[in-house]
Every structure is written in C-alpha cells, then in structure tokens.
Amino acid sequence: MRRSAFFMPTLKEKPAEAEIVSHVLMLRAGMVRQASAGIYSWLPLGFRVLKNIERIVREEQDAAGAQEVLMPTIQAADLWKQSGRYDDYGKEMLRIEDRHGREMLYGPTNEELITDIFRHAAKSYRDLPKMLYHIQWKFRDEVRPRFGVMRGREFLMKDGYSFDLDFEGAKKSYNKMFVAYLRTFARMGLKAIPMEAETGPIGGDLSHEFIILADTGETEVFCHADLLDYDVLAESIDFDGDLSPIVDYWTKYYARTDDMHDQAAYEAAVPEDRRVRRRGIEVGHIFYFGDKYSQPLGAEVTTADDRQVAVHSGSYGVGVSRLVGGIIEASHDEHGIIWPEAVAPFRVGLINLKVDDAACSGAAEDLYGKLMNAGVEVLYDDTEERGGAKFAEMDLIGLPWQLVVGPRGLKNGVVELKERRSGERQELSPEAALAKLAS
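On a predicted model such as this, the values are computed, not experimentally measured, just so you know.

Q: Lay out the overall build of the chain in plain terms, naming residues and giving numbers.
A: The number of helices and strands found in the chain is 14 helices and 23 strands. Against the 2.2 N^0.38 benchmark of 22 Å for 439 residues, the chain shows a C-alpha radius of gyration of 24 Å, consistent with a compact globule. Dimensions of the chain, computed from C-alpha atoms along their principal axes, come out at roughly 80 × 60 × 40 Å. Relative to its full complement of 439 residues, the chain shows a buried share of 54%. Sequence-distant contacts, at least 24 apart, represent 72% of the contacts inside the chain between residues at least 6 apart. Surface accessibility of the chain: about 19500 Å² in total, with carbon and sulfur atoms responsible for 47%. Of the side chains in the chain, 55 bear a positive and 72 a negative charge, and the two mean positions are spaced by 4 Å.

Encoded structure:
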C-alpha cells in the first residue's frame, strides 16, 4: 500500500480526551476515531490489526475443535427471562422494543441464545460433546466508558460455548479452551497468565481470567515467576489427548488478581525471590457453569441408559478489540507502538527519503514491487514529506521493520534496515534486505 493513497489520519499532538497510552497512540496513529462515548469507528490501519487478531483467535479455536457460527446482535428478552438473568444483569444491558412491542435487547453475551440453539438440535448423548463459537460485536452500556477500546461500550468479542454430558466431559472442554487461550495470546507475542477469577454475572464455579502484564494495567496481579518462563508454543498440542498436565502446571502456582489475592497464602506458596507483583490487563475469561442455563432452558439429552439429563456447559470469551489496546499497553515506547509481527498491520515500512531523485525512487519502487510479489505486506511512504517526519510516523505506527532508501546509501550500494523493537540498524544491499524481509 502506498502511503500517498492510504487513509491514515495521524495526529502530531496528544488528544485531550485520551487518558492511557493505548488510547493516545491509537488516536495519534489514525487507527480509530470516536463516534460517540465508548463507541469507535475502526479506520484502515486499526482494522488491519483487528483482523489479524481475529484470524489468530479463529485459527486456535478451530484447532481446538470448536465450530464457528454467527449469532445475531439483537436477542429476544424472553430467553433471558427464562434463564432468570433479564432483571439481574443490570443497566449495562441495552433494552429495546421492536415496532410490535416485543421486548428485545442488544446482546452483551450469548449463553441463553446458544443454549436455545443447542436444545432444539441435540437430543441424545451421541450429539455430545460440542463446542461452538462466534466473533461478534457486543454492547454493554458502561456508566463511564473510558480508556478507548479498553473499556468501550461497543466491542468485538469471541465468545465460545461447550456442551457436554457430565462434569468430566465439561472439564475436558474447559482444558481445551484453557490451552487454546494460552496459545492464542502467545502467538500474538503476549505473555498471558491464567488466574483464578470470580465468575461475575455469567455464574459458575470454575473460572480463570487470562491476564497480560503491562505497567499501565488496570489491576494488580501476584504470581510465581515460573509462570513467566513457560513457552507454551514450544510443544506440539494434541487437543484430542490429555491436556490436564498442561493445565495442572499453570494452576499449581499461585496466580491471582488483587480482588482474589491472599497475602498470607501468597507468601506461603511463593519463595520471596520468585514473587512477581505487577500490573495486568484482562484479555480473556473462561467459565464452567454446569447446568446453570441448560436446566431453566430445558437443554436436555437422553443418556445411554435412557435417562434425561441437563447438559453441562461452559463459556469462553476473548476481547478481540480490547486486545488491540492491550497489546499496545504491553508493547510501546516513547516514540509509539511496537507491534508484534503476528498482528502488525504491515510487516515493513518502506521509506523513500527523496522522491524527486530518480535513482532513489527507482530503487524504492523496485523493492516495493519485489516485496509485494513475495507476499510481504508493505506500507510504502512515497510522499514528499521530509525525512524526519517520515521516520517519526513510522515509529508512531510501530511496523516491525523499516526499510530506508536514500541517495547517500545508494551511492554505496546499500539501504538501511531498522528493527522497530530493538532499534538496531544495519546497512545491506537491496538484494540482502529483500532476502531478509521475504524469509
């Protein structure tokens, strides 16, 4: 993509309404623009990141055996009344009436709707187990929406649901999602730690929050340092096998947020030199809640010995749009965003320092064409801006690599390659730079 054609309305100054780093940088980088309180339009740069995160989430859900569906954003209130949550949920739920006077709501979550879908389809134990998920926009009417996409009213979420015959089967589904979440966040360059959690309005008696460490995080976390050293991507995963050893490893260590923290238990469980006390951001939450929804909604199956039993369920959420802000909070410096390669909107920022120089433009155009042909996503700054402004903008938007073509380097047969994360620069021949970026 040529910068001259790319819609990316960047800002030089910090927006007055932005309080935290991710909100500031997303606005300055031209990723989003506020439509109303807590509701944002996603512009091309931000939308590319959002789609990359969504792709990774989808790949790991599919690998775990979950099947994708798509449920509506507007739900009938009757189902929520049947489950008993309609009045309990609170003012965060947006309640509406259609033209016929029927009570409807803008779904903040989908336990009732997916259980209704399942109860009309599954009749026998042979129909189990099943895991279904979708990636859909949600709405929760926060009293004070703030911090940009980190705590907005409208947000993109992956919510998944499992259906099993009994607790033993439900625990296997829970473990699949537990491991899938570890892999999902690790693939995004994040260290996410599962922590014991309250179940909140969804309910249930088994629950973990997945927390990424960030100095600007919204909550304080306490954990064992060994959890920071485990590389979940280093081993191959058989989702049809026994995943309990992996789950047992992550849950045998102390790991809690401040609202679940017990200082005496922490000091007893964690040696002083292995204690980690940091700030963190929740990016995912998984629950097992048994028959909390299947019982009132009548989601029952016939067992092998001809009994009728309510199915056991769990739900599994990932804040897809929230992750954009979370990654920035965990990965930035004083100059701007530092994207992990897996989610970056482009892999390379190609900078032509002198567009009116024939040799410079010829070399830059040649590299642009060859990188594109090699399948490398490139943002090519072909504008007439001065070099300093181009460098500043590339640092702001945080692409993993910057490839700089200038007249002085070309006289010596080299271009400059800068890694955004480390700041390391090296001079290479155009051919060597191309080979490195296309590998």
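Still to come is the rest of the account.
Q: Could you give an account of the environment of Arg307, naming the residues involved and the relevant values?
A: Within the fold, Arg307 resides in the loop between strand S14 (300-302) and strand S15 (308-310). For the pair Arg307 and Lys158, spaced 149 residues apart in sequence, the C-alpha separation works out to 34 Å. Beyond its immediate sequence surroundings of up to four residues, Arg307 is in contact with Val301 and Thr302. A polar contact of 3.1 Å, which involves the side chain of Arg307, links it to the side chain of Asp305.

Q: So what's going on with helix H4 (residues 111-119)? Residues and values would help.
A: Burial of H4 is extensive: 8 of the 9 residues sit out of reach of the surface. Taken as a whole, H4 has its buried residues at Glu111, Glu112, Leu113, Ile114, Thr115, Asp116, Phe118 and Arg119.

Q: Which residues make up the side chain of Glu54, and what values do they have?
A: Within the secondary structure, Glu54 is located in helix H2 (residues 44-63). Excluding residues that lie within four positions of it along the chain, Glu54 makes contacts with Ile135, Leu156 and Val320.

Q: With reference to specific residues and values, describe the pairing of strand S16 (residues 312-319).
A: The buried count for S16 comes to 8 of 8 residues, which makes it a mostly enclosed element. Pairing geometry for strand S8 (residues 154-164) and S16, over 8 bridges, is antiparallel. What sits directly across from Gly160, in S16, is Tyr316. Of the pairings in the sheet, the one linking strand S13 (residues 275-290) to S16 comprises 6 bridges and is antiparallel in character. Each bridged residue has a counterpart across the sheet, and for Tyr288 the counterpart in S16 is Gly314.

Q: Can you explain the sheet that holds strand S19 (residues 348-352)? Please cite residues and give values.
A: As summarised here, the arrangement of the 5 strands in space is S20-S19-S21-S22-S23, forming an open sheet in which the pairing is mixed. Every other strand in the sheet has two partners, leaving strand S20 (378-381) and strand S23 (425-428) as the edge strands with one partner each. Mean inter-strand twist for the sheet, computed between neighbouring axes without regard to direction, equals 20 degrees. Sheet topology note: the strand S22 (residues 415-419)/S23 ladder contains 4 bridges and is antiparallel. Paired with Lys418 across the strands is Arg425, a residue of S23. In the packing of helix H11 (residues 358-373) onto the sheet, contacts are made with S19, S20, strand S21 (401-405) and S22, and the angle to S20 comes to roughly 170 degrees. Of the strands in this sheet, S19, S20, S21 and S22 are in contact with helix H12 (residues 387-397), which crosses S19 at around 175 degrees.

Q: Account for a nonpolar patch on the surface, with residues named and values stated.
A: A surface patch of nonpolar side chains, amounting to about 190 Å² of accessible area, comprises Ile74, Leu94 and Ile96. Counting through the fold element by element, Leu94 comes out in strand S5 (residues 94-97).

Q: Before we move on, could you go through the sheet that holds S5 and cite the residues and values that matter?
A: An order of S4-S6-S5 is seen for the 3 strands of this open sheet, with the pairing classed as antiparallel. Edge positions in the sheet fall to strand S4 (74-76) and S5, since each of these pairs with one other strand and no more. If you compare each strand with its neighbour and ignore which way they point, the axes differ by 35 degrees on average. Summarising the sheet, S4 and strand S6 (residues 103-106) pair through 3 bridges and their orientation is antiparallel.

Q: Give me the packing of aromatic side chains: which residues, what numbers.
A: Scanning the model with the defined rule gives 18 aromatic pairs in all. Taking 6.0 Å as the distance between ring centres and 45 degrees as the angle between the ring planes, the aromatic pair formed by Phe185 and Phe210 counts as tilted. Remark: Phe210 occurs in strand S10 (residues 206-213) and Phe185 occurs in helix H5 (residues 167-187); sequence separation between them is 25 residues. By relative accessible area, Phe185 is classed as buried at 0%. Here Phe222 and Tyr266 contribute two aromatic rings whose centre-to-centre distance is 5.5 Å and whose plane-to-plane angle is 75 degrees, an arrangement assigned as edge-to-face. With Phe222 in strand S11 (residues 219-224) and Tyr266 in helix H8 (residues 263-269), the pair connects residues that are 44 residues apart, well separated along the chain. Here a set of aromatic residues connected by ring pairs shows up, and it is made of Phe178, Tyr181, Phe185 and Phe210. We note Arg95 situated over the ring of Tyr86; from NZ or CZ to the ring centre the distance is 4.7 Å. Positioned over the ring face of Tyr293 is Lys292, at 5.5 Å from the centre of the ring.

Q: Before we move on, can you summarise unusual backbone geometry with the specific residues and values?
A: Following Leu128, the chain continues into Pro129 via a peptide bond in cis, with omega recorded as -5 degrees. Take Pro129: it is sitting in the loop between H4 and strand S7 (130-139). The backbone of Phe147 sits at a positive phi, close to 65 degrees, despite the residue not being glycine. Within the secondary structure, Phe147 is located in the loop between S7 and S8. What makes Phe147 buried here is its relative accessible area of 17%. Of note in this structure, Asp306 is not a glycine but carries a positive phi near 65 degrees. Relative to the assigned elements, Asp306 resides in the loop between S14 and S15. Residue class for Asp306 comes out exposed when judged on its relative accessible area of 64%.

About the criteria used
- Residues take numbers from 1 onward in each chain, read along the sequence in its written order.
- Per-residue local features of the predicted model are confined to residues with pLDDT of at least 70, and side-chain atom pairs are confined, for both listing and counting, to 80 or more; whole-chain, interface and lining totals are unaffected and use all residues.
- For the side-chain quantities, the full set of heavy atoms in the structure was used; hydrogens and water were omitted.
- What counts as a helix is a DSSP run of H or I of at least four residues, what counts as a strand is a run of E of at least two, and both are numbered from the N terminus.
- Computation of the radius of gyration draws on C-alpha atoms alone. For the globule rule, the value is 2.2 Å times the number of residues to the power 0.38.
- A simple rule labels every residue: compare its accessible area, found with a 1.4 Å probe on the protein chains alone, to the largest value its type can have, and call it buried under 20%, exposed over 50%, or partly exposed in between.
- Any two residues whose heavy atoms approach within 4.5 Å are treated as being in contact.
- What sets the accessible areas is the Shrake-Rupley method with a 1.4 Å probe; for residues, cover comes only from the shown protein chains.
- Charged residues are defined here as Lys and Arg on the positive side and Asp and Glu on the negative side; His and the ends of the chain fall outside this count.
- Note that the charge is assigned to NZ on lysines, CZ on arginines, CG on aspartates and CD on glutamates.
- N or O atoms closer than or at 3.5 Å make up a polar contact, with two conditions inside protein: a donor-capable atom paired with an acceptor-capable one, and, for residues adjacent in sequence, both atoms drawn from side chains.
- One bridge is not enough; two strands pair if DSSP finds at least two bridges between them.
- The convention used is that axes are lines fitted to C-alpha atoms, helices contributing only their stretch in contact, and that angles between N-to-C directions extend from 0 to 180 degrees.
- The patch calculation keeps residues exceeding 30% relative accessible area without a salt bridge and links them within 9 Å when they carry like charges or within 5 Å when they are nonpolar (Val, Leu, Ile, Met, Phe, Trp, Tyr).
- Whenever Lys or Arg places a side-chain nitrogen within 4 Å of a carboxyl oxygen from Asp or Glu, that contact is recorded as a salt bridge.
- Pairing of aromatic side chains here covers Phe, Tyr and the six-membered ring of Trp, requires ring centres within 6.5 Å, and sorts the geometry by plane angle: under 30 degrees stacked, over 60 edge-to-face, intermediate tilted.
- Only lysine NZ and arginine CZ atoms are considered, and such an atom sits over a ring when it is within 6 Å of the ring centre and within 35 degrees of the ring normal.

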